[in-house]
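Reading the structure
Residues per chain are reported as follows:
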Amino acid sequence: MAFLADALSRVKPSATIAVAQKARELKAKGRDVIGLGAGEPDFDTPDNIKKAAVDAIHRGETKYTPVSGIPELRKAIADKFKRENNLDYKPEQTIVGTGGKQILFNAFMATLNAGDEVVIPTPYWVSYPEMVSLCGGTPVFVATTQENNFKLTAADLEKVITPKTKWFIFNSPSNPSGAAYTHDELKALTDVLLRHEQVWVLTDDMYEHLVYGDFKFATPVEVEPKLYDRTLTMNGVSKAYAMTGWRIGYAAGPLSLIKAMDMIQGQQTSGACSIAQWAAVEALNGTQDFIPENKKIFEGRRDLVVSMLNQAKGISCPSPEGAFYVYPSCAGLMGKTAPSGKVLETDEDFVTELLETEGVAVVHGSAFGLGPNFRISYATSETLLEEACKRIQRFCAACK
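The residue numbers shown here count from 1 along each chain, following its written sequence. Local features in this predicted model are restricted to residues of pLDDT 70 or higher, and side-chain atom pairs are both shown and tallied only at a pLDDT of 80 or more, whereas totals for entire chains, interfaces and linings draw on every residue. Note: side-chain values were computed over all heavy atoms of the structure, leaving out hydrogens and water.

So, the packing of helix α4 (residues 100–111) against helix α9 (residues 255–266)
- Note on geometry: axes are C-alpha line fits, over the in-contact stretch for helices, and angles between N-to-C directions span 0 to 180 degrees. Under the DSSP-based scheme used, a helix requires at least four consecutive residues in state H or I and a strand at least two consecutive residues in state E, with every element numbered from the N terminus. Two elements in contact, α4 and α9, have axes whose closest approach is 9 Å; the angle formed by their N-to-C orientations is 105°. With respect to each other, α4 and α9 are oriented roughly perpendicular. Residues Gln-102, Ile-103, Asn-106, Ala-107, Met-109, Ala-110 and Thr-111 of α4 pack against Leu-257, Ala-260, Met-261, Ile-264 and Gln-265 of α9.
- Among the residues forming the contact of α4 with α9, the class breakdown is 8 nonpolar, 4 polar and no charged. Angle categories are assigned with fixed cut-offs, so that under 35 degrees is roughly parallel, over 145 is roughly antiparallel, 65 to 115 is roughly perpendicular, and the rest are oblique. Every residue pair with non-hydrogen atoms within 4.5 Å of one another is taken to be in contact. Gly is put with the polar residues, along with every residue not named as nonpolar or charged; the nonpolar set is Ala, Val, Leu, Ile, Met, Phe, Trp, Tyr, Cys and Pro, and the charged set is Asp, Glu, Lys and Arg.

Some words on the domain arrangement of the chain
- Domain assignment breaks the chain into domain 1 (6–44 + 290–398) and domain 2 (62–285).
- Domain ranges listed in this record stem from an automatic or a database domain assignment. With centres defined by C-alpha atoms, the gap from domain 1 to domain 2 works out at 26 Å.
- Each partner contributes to the interface: domain 1 provides 36 residues, whereas domain 2 provides 35 residues.
- Between domain 1 and domain 2, a total of about 3,000 Å² is buried, with carbon and sulfur atoms accounting for 60% of that surface. Here the quantity called buried area is the accessible surface, traced with a 1.4 Å probe, that two parts lose on coming together, added over both.

A look at helix α3 (residues 71–85)
- Take the residue count of a helix, subtract one, and multiply by 1.5 Å to get its expected span. The first and last C-alpha atoms of α3 sit 21 Å apart over 15 residues, in line with the 21 Å expected at 1.5 Å per residue.
- Restricting attention to buried positions, one finds in α3 the residues Leu-73, Arg-74, Ala-76, Ile-77, Ala-78, Lys-80, Phe-81 and Asn-85.
- Residues of α3 that are buried make contact with β2 (94–97), α8 (220–223), β7 (231–236), β8 (249–252), α9 and α10 (274–285).
- Immediately beyond the C-terminal end of α3, within one or two residues, lies Asn-86, with a positive phi of roughly 60°. When accessible area is computed with a 1.4 Å probe and restricted to protein chains, residues below 20% of their type maximum are described as buried, those above 50% as exposed, and intermediate ones as partly exposed.

Observations concerning the pairing of β8
- Burial along β8 is two-sided: the face carrying Gly-249 and Ala-251 and the face carrying Tyr-250 and Ala-252 are both buried.
- In this structure, β2 lies alongside β8, joined through 4 bridges in antiparallel fashion. Residue pairing for β8: Ile-95 is matched across the bridge by Ala-251.
- In this scheme, strands are said to pair when DSSP sees at least two bridges between them. Where β7 lies against β8, 4 bridges are found, and the strand directions are antiparallel. When the sheet's bridge partners are listed, Met-234 is paired in β8 with Ala-251.

Next comes the structure, spelled out in structure tokens:
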């Protein structure tokens with residue numbers, strides 16, 4: 001009898017975590033490595049949020065919390081959805097988890113049975129299909145194209161929905177492509193979903209506040225209120241508030257689903273860190289003035305990276321609407337020979353040779369379900385980004 005669970009054979013390690021770890025290991029050996037793999041803002045958590053955490057410590061807010069979150073944070077979440085998304089949720093329809101991953105995992109664990117299908121557009125965040133598989137469901141992939149800016153069309157969504165489809169995962173702005181859907185693009189998708197009453201929507205809005213230019217963010221239930229009773233809207237404080245290490249994600253949805261997720265979490269981790277929850281209250285209720293300032297910095301970084309990558313031989317890089325990633329194609333380099341003598345047959349070959357030759361760590365697109373591409377996180381300084389892009393240009397020029 002095998003000791004490890006059969007479920008482990010259905011999942012792979014996180015490629016983004018693996019790349020970050022590889023970069024750390026090379027740096028520890030003295031290599032000059034620029035890591036562009038991690039999806040983590042380089043900004044510090046704003047001072048008002050840190051102060052709220054310190055104040056909570058001094059008040060003695062150091063005990064276990066209710067499983068679904070402290071009342072103050074659940075109210076702040078409900079207020080946020082009303083204020084920013086025109087969505088009406090009661091505090092009891094919200095739940096707080098230890099990061100967005102726990103929210104997603106608990107939703108799948110609470111709802112998926114063997115044979116249930118979950119539609120996932122590619123490219124996707126690496127954890128979506130692994131979570132579905134761990135919870136007994138079947139990921140069903142539907143491809144997007146660079147020509148369509150990595151956005152799913154209504155016709156393609158319609159084709160993959162079956163009577164077994166239980167969830168549709170929607171992520172805008174997207175990790176890894178940065179693609180974001182306009183109101184009209186989203187309406188075309190929700191029109192399809194209205195015709196399939198068995199399909200629930202799990203929308204990952206984690207990058208909501210990181211959209212650029214004149215782009216206006218929209219979320220599915222805001223666009224189509226008829227989906228209210230079968231949508232879980234997930235968000236968190238990690239990205240826009242530079243609070244990745246605080247590990248606070250949250251969601252709102254139908255009360256029956258929230259109660260089921262609460263029951264699972266009660267037997268799993270119980271409530272999230274009390275201090276981090278009080279910090280999140282301040283993040284949602286306090287000043288938002290730093291968000292536009294940070295957005296402007298990110299937008300400048302995006303423009304720099306897109307421009308320099310499009311000057312690299314064999315690389316094609318669209319300019320995304322949001323998040324802090326670009327997802328360029330390296331198709332023009334497939335079949336070429338790297339300086340080491342290695343023939344580049346896959347995007348994984350490309351990123352491996354780039355790291356070994358030039359010390360630039362990026363993530364191969366096949367890890368996100370769509371290649372030959374690679375993902376760059378531009379959540380680091382312009383100085384490092386410019387140097388990294390110069391190295392990428394040099395590597396590409398040396399491939400023959």
